[in-house]
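Chain by chain, the residues run as shown.
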Amino acid sequence: MNRKNSNKSRNPNKPTLAFYFLRALACINKKTSMASYNQRSGTIKRAAYASMALAAGPKRAWSRAVLCRVLWWGSSRLHGFPTRRRPRAFFHRRVRVADPKLREPSKADVLRRLVPGAKAMDLSRLLEETAHYIQYLRAQVLLMQNVVGSVSD
């Protein structure tokens, strides 16, 4: 297998990422009914994650997990479900007693919590998904820095 082709296929599609993100920002700017800074920043955050997942495509587990989360949030909002969680006082919690049998989570378990959609992956697939996710996060950060730089100039 040619090494150049394998590297090219793993690189984030930056023009596609930029297109989806800028299109989402344009839609957000058209809606001036945002009540607060927190609502607007949350909407921009979701748009950034959705554009990143759309640019990655459906072949990656993390992109499917992010899209499901973003779509669930949108559909719950459209169907009138509450968008805020109840205060924690309403939930009944079990008191956890320190058990000496409990172990420290492994590095793979920590990665599984950080990468969306990685809960049931084997280690090699987990590392591959993590590398791909980090590449797209890096591309997203560079894109957002460029957008802020072009707006502030």
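Relevant structure appears above.
Everything numeric here is computed off the predicted structure, so don't read it as measured data.

Parameters and conventions
Residues numbered from 1 in each chain as written. Predicted model: local features only at pLDDT ≥ 70, side-chain atom pairs only at ≥ 80, totals over all residues. Heavy atoms only, no water. Core = buried A, V, L, I, M, F, W, Y, C linked by side-chain atoms within 4.5 Å. Buried < 20%, exposed > 50% of the residue type's maximum accessible area, 1.4 Å probe, protein only. Helix = DSSP H or I, 4+ residues; strand = E, 2+ residues; numbered from the N terminus. Expected span 1.5 Å × (residues − 1). Arc of directions from axis to C-beta. 1 Å grid on protein atoms, 1.4 Å probe; cavity = no way out; pocket = protein on both sides within 12 Å on 5 of 7 lines; lining within 4 Å. Points joined across faces, edges and corners; volume = space filled by probe spheres on them. Nonpolar A, V, L, I, M, F, W, Y, C, P; charged D, E, K, R; others polar. Contact = heavy atoms within 4.5 Å. Salt bridge = Lys/Arg side-chain N within 4 Å of Asp/Glu carboxyl O.

K.L.:
How should I be thinking about the nonpolar core in this particular structure?
P.N.:
Buried together is how nonpolar side chains tend to be arranged in soluble globular proteins. Of all hydrophobic cores here, the largest spans 22 residues; its most connected members are Leu-17, Phe-21, Met-52, Trp-62, Tyr-136 and Leu-143. Of all elements in the fold, only α2 (14-30), α3 (37-56), α4 (61-78) and α6 (123-152) reach the threshold of two or more residues within this core. The biggest single contributor to this core is α6, with 6 residues.

K.L.:
Looking at this structure, I do not really get α2. What am I missing?
P.N.:
It helps to recall that an α-helix has 3.6 residues per turn; residues three or four apart then point in one direction. Compared with the 24 Å implied by 1.5 Å per residue over 17 residues, the 24 Å span of α2 between its first and last C-alpha is a close match. Listed as buried for α2 are Leu-17, Ala-18, Phe-21, Ala-24, Leu-25 and Ile-28. The arc that holds every buried residue of α2, seen down its axis, measures 135°, which confines them to one face. The exposed set on the far side of α2, more than 90 degrees from its buried face, consists of Pro-15 and Lys-30.

K.L.:
Explain the layout of surface pockets here, please?
P.N.:
Over the atoms, a rolling probe the size of a water molecule traces out where space has been left empty. Of the volumes computed, that of the second largest pocket is approximately 500 Å³. Put simply, the parts of the chain that give the lining of the second largest pocket at least two residues each are α3, α4 and α5 (107-114). Sorting elements by how many residues they give to the lining of the second largest pocket places α4 first, with 6 residues. Its residues assigned to classes, the lining of the second largest pocket comprises 11 nonpolar, 2 polar and 6 charged.

K.L.:
Just checking my understanding: could you explain the side chain of Ser-63 for this structure?
P.N.:
Topologically, Ser-63 is positioned in helix α4. Non-local contacts of Ser-63, meaning those with residues more than four positions away in its chain, are made with Ala-53, Ala-56, Gly-57 and Pro-58.

K.L.:
How do you make sense of the pattern of salt bridges when you look at a structure like this?
P.N.:
Side-chain pairs of opposite charge can arise whenever the charged atoms involved come near each other. Per the counting criterion, the structure on display carries 4 salt bridges. As a salt-bridge pair, Glu-128 and Arg-60 come within 3.2 Å of each other at their nearest N and O atoms. Taken together, the positions of Glu-128 in helix α6 and Arg-60 in the loop between α3 and α4 put the pair 68 residues apart, joining distant regions of the chain. In this structure, a network of salt bridges that share partners links the residues Arg-60, Arg-125, Glu-128 and Glu-129.

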